[in-house]
Amino acid sequence: MTRMYANSDHPGVPAARVHGLILAGGSSSRMQRDKAALQYRGKSQLDRAFELASRHVSPVFVSVRAAQTADPTRAQHPLIVDSAAGEGPIVGIRSALAAHPEAAWLVLACDLPFLSDAALSQLLRERDVAGLATAYRSAHDGLPEPLCAIWEPAAAAALESYQAGGGHCPRKFLIRHAVRLLEPLDRRALDNINTPEEYAQALATLDAP
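Overview of the structure. Bear in mind that the values here come from a model prediction, so they are computed numbers and not experimental data.

**Considering the nonpolar core**
Turning to step 1, where the next piece is worked out: I22, L106, L108, L115 and C148 are the most contacted members of the largest nonpolar core, which totals 31 residues.
Turning to step 2, where the next piece is worked out: Elements represented by at least two residues in this core include exactly β1 (18-23), α1 (45-54), β4 (60-64), β6 (104-109), α4 (117-125) and β8 (144-151).
Turning to step 3, where the next piece is worked out: When residues of this core are assigned to their parent elements, the largest contribution, five residues, is made by α1.
Turning to step 4, where the next piece is worked out: Those residues in contact with L115, other than ones at most four positions away along the chain, are L52, L108, L120, C148, A189 and L190.

So this is what it looks like as structure tokens:
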């Protein structure tokens, strides 16, 4: 069930329904294997992220490139195939906004093994429905985390203009625009994994008593 959260700072602004988007279109070059298929406690990393998002919003989709639509790990879920030009996560975000322009999007990278229900609840509860996005501030460098964020329908036009002007980094987009930044209650929740060594460390941490 989708929970309709509206921020108290803008009581007159209706809250668009929130859909979920799990970004799984990357090439995983540093991991040297498909990050979406990495296993944690018998489930793929993608499945874990999909189930987590589904407990908070509905429907949930997986963002993929056209060449990935037949991949078994991804194909079992509803897909949104990249439709915007370019590369990187900004393409997945823009493609989702184009596919369902009436919706806001809870966008999650698939490689966040420590992401929790509490972190998503905070993000949805403190969402700024009148802005372009609501994101966490990184506990490591203080910059916005665009891949665990809510992107509002109004972001579609701004992202298109940003990309047309040569921009491609969603983090830099958030830095340049007026968005709500939240302090994470759990500093580890947004830690992602990019290398085999980080994957081994995450496995050891999650398997610890």
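That shown, we press on.
**Describing unusual backbone geometry**
Turning to step 1, where the next piece is worked out: Cis geometry marks the peptide bond from S58 to P59; its omega dihedral reads 0°.
Turning to step 2, where the next piece is worked out: Residue placement: P59 occurs in the loop between α1 and β4.
Turning to step 3, where the next piece is worked out: The phi torsion at R41 lies on the positive side, around 50°, for a residue other than glycine.
Turning to step 4, where the next piece is worked out: According to the relative accessible area criterion, R41 is exposed, its value standing at 60%.

**Considerations on the pattern of salt bridges**
Turning to step 1, where the next piece is worked out: The final tally for this structure, using the stated rule, is nine salt bridges.
Turning to step 2, where the next piece is worked out: Where D34 meets R74, a salt bridge forms, and the shortest distance between an N and an O atom there is 2.8 Å. With D34 in the loop between β1 and β2 (39-40) and R74 in helix α2 (residues 72-75), this pair connects stretches of sequence that are 40 residues apart.
Turning to step 3, where the next piece is worked out: You can call D34 partly exposed: its relative accessible area is 26%.
Turning to step 4, where the next piece is worked out: Sharing partners across several salt bridges, the network here consists of D34, D71 and R74.

**Re the pairing of β4**
Side-chain positions along a regular strand alternate between the two faces of the sheet.
Turning to step 1, where the next piece is worked out: Taken across its five residues, β4 has five buried, putting it largely inside the fold.
Turning to step 2, where the next piece is worked out: Residues V60, V62 and V64 of β4 are buried on one face, and the alternating residues F61 and S63, pointing to the opposite face, are buried as well.
Turning to step 3, where the next piece is worked out: Pairing of β1 with β4 involves four bridges; the strand directions are parallel. Residue pairing in the sheet places I22 in a bridge with V62 of β4.
Turning to step 4, where the next piece is worked out: Bridge count for β4 against strand β5 (residues 79-81) is three bridges, and the pairing is parallel. The residue bridging S63 from the neighbouring strand is I80, located in β5.

**What to know about the side chain of H19**
Turning to step 1, where the next piece is worked out: When you line up the elements, H19 lands in strand β1.
Turning to step 2, where the next piece is worked out: The class of H19 is buried, set by a relative accessible area of 5%.
Turning to step 3, where the next piece is worked out: Discounting chain neighbours no more than four positions away, the residues touching H19 are V57, S58, P59, F61, H100, E102, A103, A104, W105 and L106.

**Details of the sheet that holds β6**
Turning to step 1, where the next piece is worked out: Pairing within the open sheet is mixed, and its seven strands lie in the order β5-β4-β1-β6-β8-β7-β9. The sheet is open, and its two borders are formed by β5 and β9 (180-182), each paired with just one other strand. Shown here is a sheet whose adjacent strand axes are inclined to one another by a mean of 30°, direction ignored.

**Concerning α1**
Each full turn of the α-helix corresponds to 3.6 residues, which orients residues three or four apart in the same direction.
Turning to step 1, where the next piece is worked out: With seven of ten residues buried, α1 is to be regarded as a mostly interior element.
Turning to step 2, where the next piece is worked out: Taken together, the buried positions of α1 are occupied by Q45, L46, D47, A49, F50, L52 and A53.

Procedures and definitions
Residues numbered from 1 in each chain as written. Predicted model: local features only at pLDDT ≥ 70, side-chain atom pairs only at ≥ 80, totals over all residues. Heavy atoms only, no water. Core = buried A, V, L, I, M, F, W, Y, C linked by side-chain atoms within 4.5 Å. Buried < 20%, exposed > 50% of the residue type's maximum accessible area, 1.4 Å probe, protein only. Helix = DSSP H or I, 4+ residues; strand = E, 2+ residues; numbered from the N terminus. Contact = heavy atoms within 4.5 Å. Salt bridge = Lys/Arg side-chain N within 4 Å of Asp/Glu carboxyl O. Pairing = 2+ DSSP bridges. Axes fitted to C-alpha atoms, helices over the stretch in contact; angles between N-to-C directions.

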